[in-house]
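Coordinates in review
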Amino acid sequence: PKLIGVKLTGKLNGWTAPKDVILKVAGILTVKGGTGAIVEYFGEGAIAMSATGKGTICNMGAEIGATTSTFGYDDSMRRYLAATGRQDVVDAADKIAEHLTGDAEVYAEPEKYFDQVIEINLSELTPHLNGPFTPDLATPVAEMKEKALANDWPLDIEWALIGSCTNSSYEDLSRAASIVEDAVAKGVKPKAILGINPGSEQVRYTAERDGLIASFQKFENSRIFTNACGPCIGQWDREGSEKGEKNSIIHSFNRNFAKRADGNPNTHAFVASPEMVAAVAISGRLDFNPITDTLVNENGEQVKLDEPKGSELPAKGFDVEDNGYQAPAEDGSSVQVVVSPTSDRLQLLEPFSPWDGKNITGAKLLIKAEGKCTTDHISM
């Protein structure tokens, strides 16, 4: 595969989040620009970023078609692995740490080693909203008002969604919760419904213990979803979506192709960071720029939201009572999976007939697609 190097200088600040890095990269490379390539992120900005922030960026590498995305092994990963009970992995990785990141001369002169080099100054990067209908249509928040009007994108937002597999870390939830707390303190009520999808039971349990879930619930119209994909892949019952009305939603999930979120081909879905999703939920407007814009509170006063604050890792450590995982038996030969024969919800799958060892011949081509065709279109 080709090698694409993304050099991150400066440091994230204010309203800008790791999510904005991949949203910016998607705008540069498009949904096919990473095809057949390994994307490697490096530089002072990469080192300063949290491990879960790096995870968000790598997770969305699929949206640019990348073979894989990598960050070099560093202290942020040591902290995260240790905090999640994997000190043994840290110990093993530390023994070969020099081989788990690029050589100094590569990072000093990346043009000599990479097929393509992209440089992003995180100190100057601003929040992005990508979409609708494709995750590579990148718009800086300051340009959204003009672009939305020019393209007739609905500006009113009914739903704002955070979490699922992307942007459901403790850091993500804590930064979004800080915005909710700030709005409550300033007497601002949200205009949109804020939905939270914790990424795991461990994150949900720890977030509830530390008051983050309670923060979100201070908004009367917030919803805490189960620890699952949920709305990211259309697994929710969005009231009114069957009408097919033209509307806009905003979320921190990876993908935003037509019909993916709620089955409505006219839902314009925009991808943003958890911080921006929370801010837009409060304003109820796609074109809201929390860096410059004010909101009217219950007393009729103009107020401005403070910049988000959060914790890379929980100060009291992670905790969970039942993480939902049961290790398989060492000897599973006597284990029986029992499903009621009258169940209308569960059934045991019958095994496929064993392969006869011969190639399939004479198979017919069922469909041939052109253009921007994704697994979202295929699965439907």
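Look up: the structure comes first, before these words.
Not measured: the values here are computed from a predicted model. (Residues numbered from 1 in each chain as written. Predicted model: local features only at pLDDT ≥ 70, side-chain atom pairs only at ≥ 80, totals over all residues. Heavy atoms only, no water.)

**Topic: the overall build of the protein**
Using the following cut-off: Secondary structure elements follow DSSP: runs of H or I no shorter than four residues count as helices, runs of E no shorter than two count as strands, and numbering proceeds from the N terminus. The globule rule used here is 2.2 Å times the number of residues to the 0.38 power, and the radius of gyration it is set against is calculated over C-alpha atoms. The buried label applies to any residue whose accessible area, calculated with a 1.4 Å probe on protein chains only, is under 20% of its type's maximum; exposed applies above 50%, and partly exposed to all values in between. The Shrake-Rupley method, run with a 1.4 Å probe sphere, supplies the accessible areas, and residue values consider only the shown protein chains as cover.
Helix and strand counts for the protein come out as 12 helices and 13 strands. For a compact globule of 380 residues, the expected C-alpha radius of gyration is about 21 Å, and the protein comes in at 23 Å, within 12% of that figure. Projecting the C-alpha coordinates of the protein onto the three principal axes gives extents of approximately 75 × 60 × 50 Å. Scored against the burial criterion, the 380 residues of the protein give a buried share of 46%. Only carbon and sulfur atoms are counted for the fraction: they give 50% of the accessible area of the protein, which is about 20,300 Å².

**Examining the pattern of salt bridges**
The criterion, for reference: Salt bridges are identified by distance alone: a Lys or Arg side-chain nitrogen within 4 Å of an Asp or Glu carboxyl oxygen.
In total, this model carries 20 salt bridges according to the counting rule given. A salt bridge links Asp-287 to Lys-145; the shortest N-O distance between them is 3.1 Å. Taken together, the positions of Asp-287 in the loop between α11 (274–283) and β12 (295–296) and Lys-145 in helix α7 (residues 144–151) put the pair 142 residues apart, joining distant regions of the chain. On the accessibility criterion, Lys-145 (44% relative accessible area) is partly exposed.

**As for the nonpolar core**
Filter applied, for reference: By nonpolar core we mean a set of buried residues, namely Ala, Val, Leu, Ile, Met, Phe, Trp, Tyr and Cys, connected to one another through side-chain atoms within 4.5 Å. We call two residues contacting when some pair of their heavy atoms lies within 4.5 Å.
Membership of the largest hydrophobic core comes to 44 residues, with the highest contact counts inside it found for Leu-194, Ile-250, Leu-286 and Leu-305. If sequence neighbours within four positions are ignored, Leu-286 has contacts with Leu-129, Met-144, Ala-148, Trp-153, Pro-154, Leu-155, Ile-157, Phe-270 and Val-280.

**As for the sheet that holds strand β2 (residues 37–42)**
Applied cut-off: Strand pairing follows a simple DSSP-based rule, namely that at least 2 bridges must link the two strands. Angles run from 0 to 180 degrees between N-to-C directions of axes, and those axes are lines fitted to C-alpha atoms, restricted for helices to the stretch in contact.
Here we have 4 strands laid out as an open sheet, ordered β3-β2-β1-β4, and parallel in their pairing. Edge positions in the sheet fall to β3 (68–71) and β4 (116–121), since each has one partner strand and no second. Shown here is a sheet whose adjacent strand axes are inclined to one another by a mean of 20 degrees, direction ignored. In this structure, strand β1 (residues 2–9) lies alongside β2, joined through 6 bridges in parallel fashion.

**Considerations on the state of the cysteines**
Rules: For the purposes of this analysis, a disulfide is any pair of cysteine sulfur atoms at a distance within 2.5 Å.
One pass over the full model with this rule turns up 0 disulfides. Cysteine Cys-229 remains unbridged, with the sulfur of Cys-232 as its closest cysteine sulfur at 6.2 Å. This cysteine, Cys-232, is not joined by any disulfide, and Cys-165 carries the nearest cysteine sulfur, 5.7 Å off. Classification of Cys-232 by relative accessible area gives buried; the value is 6%.

**Side note on the environment of Val-21**
In this fold, Val-21 is placed in helix α1 (residues 18–29). Residue classification places Val-21 among the buried residues on the basis of a relative accessible area of 0%. Expressed as a C-alpha distance, the spacing of Val-21 and Arg-78, which sit 57 residues apart in the sequence, is 22 Å.

**A closer look at the packing of helix α3 (residues 51–59) against helix α4 (residues 75–83)**
Filter applied, for reference: Angles are sorted into four bins: roughly parallel if under 35 degrees, roughly antiparallel if over 145, roughly perpendicular if 65 to 115, and oblique for all others. In the scheme used here, Gly and all other residues not listed as nonpolar or charged are polar, with Ala, Val, Leu, Ile, Met, Phe, Trp, Tyr, Cys and Pro taken as nonpolar and Asp, Glu, Lys and Arg as charged.
In the contact formed by α3 and α4, the axes pass within 8 Å of each other and the chain directions differ by 105 degrees. Classified by the angle between their axes, α3 and α4 sit roughly perpendicular to one another. Touching Ala-51, Thr-52 and Lys-54 of α3 are Ser-76, Met-77 and Tyr-80, all from α4. Taken together, the residues of the contact of α3 with α4 break down into 3 nonpolar, 2 polar and 1 charged.

**Description of a negative patch on the surface**
For the record, the criterion: Patch construction takes residues with relative accessible area above 30% that form no salt bridge. Like charges are linked within 9 Å, and nonpolar side chains (Val, Leu, Ile, Met, Phe, Trp, Tyr) are linked within 5 Å. Counted as positive: Lys and Arg. Counted as negative: Asp and Glu, with His and the chain ends omitted from the count. Lysine's charge is taken at NZ, arginine's at CZ, aspartate's at CG and glutamate's at CD.
Side chains of Asp-237, Glu-239, Glu-242 and Glu-245 sit close together on the surface and give a patch of like negative charge. For Asp-237, the location among the structural elements is in the loop between β9 (222–224) and β10 (247–251). Under the relative-accessibility criterion, Asp-237 is labelled exposed at 74%.

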